[in-house]
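So you can see what is in the structure, the chains are spelled out below.
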4 protein chains.
Amino acid sequence: MQTGHGGRMSEIFQHQIKVLFQHCDPAGIVFYPRYFEMVNQTVEEWHDAGLGHSFAQMHMESGYGVPTVSIGAEFTAPSKMGDVLTWSLSVLRLGRTSAHLRITARCGGDLRMTATPVLVYVHMESGRPVPWSDPLRAEMKRYLSGDALPG
Amino acid sequence: MQTGHGGRMSEIFQHQIKVLFQHCDPAGIVFYPRYFEMVNQTVEEWHDAGLGHSFAQMHMESGYGVPTVSIGAEFTAPSKMGDVLTWSLSVLRLGRTSAHLRITARCGGDLRMTATPVLVYVHMESGRPVPWSDPLRAEMKRYLSGDALPG
Amino acid sequence: MQTGHGGRMSEIFQHQIKVLFQHCDPAGIVFYPRYFEMVNQTVEEWHDAGLGHSFAQMHMESGYGVPTVSIGAEFTAPSKMGDVLTWSLSVLRLGRTSAHLRITARCGGDLRMTATPVLVYVHMESGRPVPWSDPLRAEMKRYLSGDALPG
Amino acid sequence: MQTGHGGRMSEIFQHQIKVLFQHCDPAGIVFYPRYFEMVNQTVEEWHDAGLGHSFAQMHMESGYGVPTVSIGAEFTAPSKMGDVLTWSLSVLRLGRTSAHLRITARCGGDLRMTATPVLVYVHMESGRPVPWSDPLRAEMKRYLSGDALPG
């Protein structure tokens, strides 16, 4: 999905997750920590399919990771078993070693939740933040939102 | 996938699940309770896509469920982040109110785990086993394995 | 734990959770959606042990619930398998149908995470917010923080 | 808890886990993959508190692990939110590199589930089974069941 503004094309990464029995609580709706697993899955699929940068290889072979240092979330409406959620991801701000994301889940036109995680690129052995590599940074830039925060 | 034997066609239900970061333990391999979540997801997808009998509708509207009363599992080889697992399901034995399943996970040709759950069809309010409905039973029969146990 | 201010005693609810193998990711540290399970467990224990208002009975018998409508979280330092986390809960603001909480996890003196969930009291059948009952509200007030937000 | 037979005292390791909101499914009862998380927690607490052999240190510092290679389980009766489960662990058979366990969960006198996992002691880097160390083996022997399988 692409939106143009000022000559630049801003992409939004999207994928779908069906709400399963295992995501639901005794009230029959998604238990909110399961939403955060879906947020993490969205970041993972974005790396694999959107950025062309395997999440598994980054962690298991290259020794880098993208831990979440903070996150905000709003749960606008409940999701029920069987709902197919469309997850959308864009980059609000791309720092030297960090990325502010906006991730939403919708079912049809209905907004279910919005999350705003901040990821930091770290060398896992030391736990220290490191600058995004140039190729990864270039890929991420394609997802910079039209209403991006100043970097 | 179909295998013929003695004039009857036996189907195997298949779907795929990618091993995600969230499935893996500090050793970097699938934590075995996460395999059981995938086994449950396989049963759920089988209902939705294989049997044409919505798992969500069965639970939330019709008031029936298929709790697992026993399960055996063997973990043949570990699975790592990024592995795409092909899950296969067939019915070993179809009782009046129960079904014995065999579910396997493979990555390429490599067997990773085998599970043999026994499900019982229950009316959820009472918790009592009830006979499979005729249409559901007819659908399930298509997945009866060639080496099925005597019913 | 109690802190005095202006003649009123403000209580902080505390309990402990050990970081288990199942909470940890391939980097050997707590996977952040598991922290939100611990946040939910802290709210649950607060109801059971702090407020004397059984969380199970509220949901399963009385038909009320306290869904989280928004949450913010900061992950200050990673937690490792075997760490014993002390969780502390206080009420920042108590509305007519809602409660703003501050929940922290510490290991020894080391701050690991802070969460600020907003709960709403709802009648589960209708999904509508309802005013806190007087006894529940009176119990919750004991945990109002000294630096509480104006109600 | 101890039971004598033929002059030898056989110990059973026990601890308790309360059934939380997060363990329960849309039917309001424990979702069975959560039971396997509790089984793993029981093995972990047994190492820490029963065997005096820190599960965290074994994995993170010594580089050994105890993966489950097979497991059987029977779910005898459902457990509900708020139930306090008493988990009991004994050793059915202690091999050179493996241990067959029996783990049960009861609420009051009511049996809820029985699991029979087989663990193997492995060196995590190579993934190869290794013989139990003599001190660990000596500790495990204290939990050998009176109706132990021949070693």
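Anything mentioned here points back to the structure above.
Please read these numbers as outputs of a predicted model, since none were measured by experiment.

What counts, and at which threshold
- Residues numbered from 1 in each chain as written.
- Chains lettered and ligands numbered in written order.
- Predicted model: local features only at pLDDT ≥ 70, side-chain atom pairs only at ≥ 80, totals over all residues.
- Heavy atoms only, no water.
- Contact = heavy atoms within 4.5 Å.
- Buried area = accessible area lost by both parts, 1.4 Å probe.
- Salt bridge = Lys/Arg side-chain N within 4 Å of Asp/Glu carboxyl O.
- Polar contact = N/O pair within 3.5 Å; in protein donor to acceptor, adjacent residues only side chain to side chain.
- Nonpolar A, V, L, I, M, F, W, Y, C, P; charged D, E, K, R; others polar.
- Helix = DSSP H or I, 4+ residues; strand = E, 2+ residues; numbered from the N terminus.
- Buried < 20%, exposed > 50% of the residue type's maximum accessible area, 1.4 Å probe, protein only.
- Pairing = 2+ DSSP bridges.
- Phe/Tyr/Trp six-rings, centres within 6.5 Å; stacked < 30°, edge-to-face > 60°.
- Least-squares fit on C-alpha atoms with pLDDT ≥ 70 in both.

Turning to the interface of chain A and chain D, a few remarks are in order. Across the boundary between the two partners, chain A contributes 9 residues, which contact 9 residues of chain D. Where chain A abuts chain D, roughly 800 Å² becomes buried across the two surfaces, and 73% of that area is made up of carbon and sulfur atoms. It is F21, P26 and F31 of chain A in chain A that bury the most area against chain D; as a group they hold 59% of the surface buried on that side. Between chain A and chain D we count 0 salt bridges in total. Taken together, chain A and chain D are joined by 0 residue pairs in polar contact (both at pLDDT 80 or more). Tallied by class, the residues present in the side of chain A that touches chain D amount to 5 nonpolar, 2 polar and 2 charged.

Now for the interface of chain D and chain B. Contact residues are listed per partner, giving 20 residues for chain D and 20 residues for chain B. With both chains or domains summed, chain D and chain B bury close to 1,600 Å², and 65% of this area falls on carbon and sulfur atoms. Across the contact surface, chain D and chain B share 2 salt bridges. Among the ionic pairs, R34 of chain B bridges to E37 of chain D, the shortest N-O distance being 3.0 Å. Taken together, the links from chain D to chain B amount to 6 residue pairs in polar contact (both at pLDDT 80 or more). Only helix 1 (32–50) and strand 5 (68–75) of chain D provide two or more residues apiece to the side of chain D that touches chain B.

This next bit is on the pairing of strand 5 (residues 68–75) of chain B. Residues and elements named next belong to chain B. Taken across its 8 residues, strand 5 has 6 buried, putting it largely inside the fold. As paired strands, strand 5 and strand 9 (residues 118–120) are joined by 2 bridges and run antiparallel to one another. By the bridge assignment, T68 is partnered in strand 9 with L119. Across 3 bridges, strand 5 lies against strand 8 (residues 110–115) in antiparallel orientation. Following the sheet pairing, F75 is matched in strand 8 by M113.

Bringing the pattern of salt bridges into the picture now. Scanning all chains against the criterion turns up 32 salt bridges over all chains. With a shortest N-O distance of 2.6 Å, K18 of chain B and D48 of chain A are connected by a salt bridge. Taken together, the residues span two chains, with K18 of chain B in strand 3 (residues 13–18) and D48 of chain A in helix 1 (residues 32–50). Overall, D48 of chain A belongs to the partly exposed group, its relative accessible area being 27%. Among the charged side chains, a salt-bridge network with shared partners connects R34 and E37 of chain A together with R34 and E37 of chain C.

Right, let's get into the packing of aromatic side chains. How two aromatic rings sit relative to each other is set out by the distance from centre to centre and by the angle between their planes. Within this structure, the stated rule accounts for 50 aromatic pairs over all chains. Aromatic pair Y32 of chain A and F36 of chain A: ring centres 6.3 Å apart, planes at 80°, arrangement edge-to-face. Of this pair, Y32 of chain A and F36 of chain A both sit in helix 1, separated by 4 residues, roughly a single helical turn. Across this residue pair, the class does not change: Y32 of chain A and F36 of chain A are buried. A centroid spacing of 5.2 Å and a plane angle of 10° characterise the contact between Y64 of chain D and Y121 of chain D, whose relative ring orientation is stacked. Within this pair, whereas Y64 of chain D is found in strand 4 (residues 64–65), its partner Y121 of chain D is found in the loop between strand 9 (118–120) and strand 10 (122–123), the two being separated by 57 residues in sequence. According to the relative accessible area criterion, Y64 of chain D is partly exposed, its value standing at 26%.

Next up on the list: the environment of C24 of chain D. Along the chain, C24 of chain D falls in the loop between strand 3 (13–18) and helix 1. Separated by 94 residues in sequence, C24 of chain D and V118 of chain D have C-alpha atoms that sit 26 Å apart. Residues within four places of C24 of chain D in sequence aside, it is in contact with C24, D25 and P26 of chain A together with V19, I29, V30, F31 and M81 of chain D.

Residue and element names in this part refer to chain B. What the 3 strands build is an open sheet, ordered 4-10-11; its pairing is antiparallel. Two strands close off the open sheet at either side, each with one partner strand: strand 4 (64–65) and strand 11 (128–129). When strand 10 (residues 122–123) meets strand 11, the two strands line up antiparallel, connected through 2 bridges. Across the sheet, residue H123 finds its bridge partner in strand 11, namely R128.

Of the two same-sequence chains, chain D is brought onto chain B (RMSD 0.0 Å, axial shift 0.0 Å) by a rotation of 180°. Such values leave the two copies arranged in the relation of a two-fold axis. Ranked by how close their C-alpha atoms come to the rotation axis, the residues of chain D are headed by G72 of chain D, at 2.1 Å. In this assembly the copies share their binding face: 100% of the residues contributing to the interface of chain D also contribute to that of chain B.

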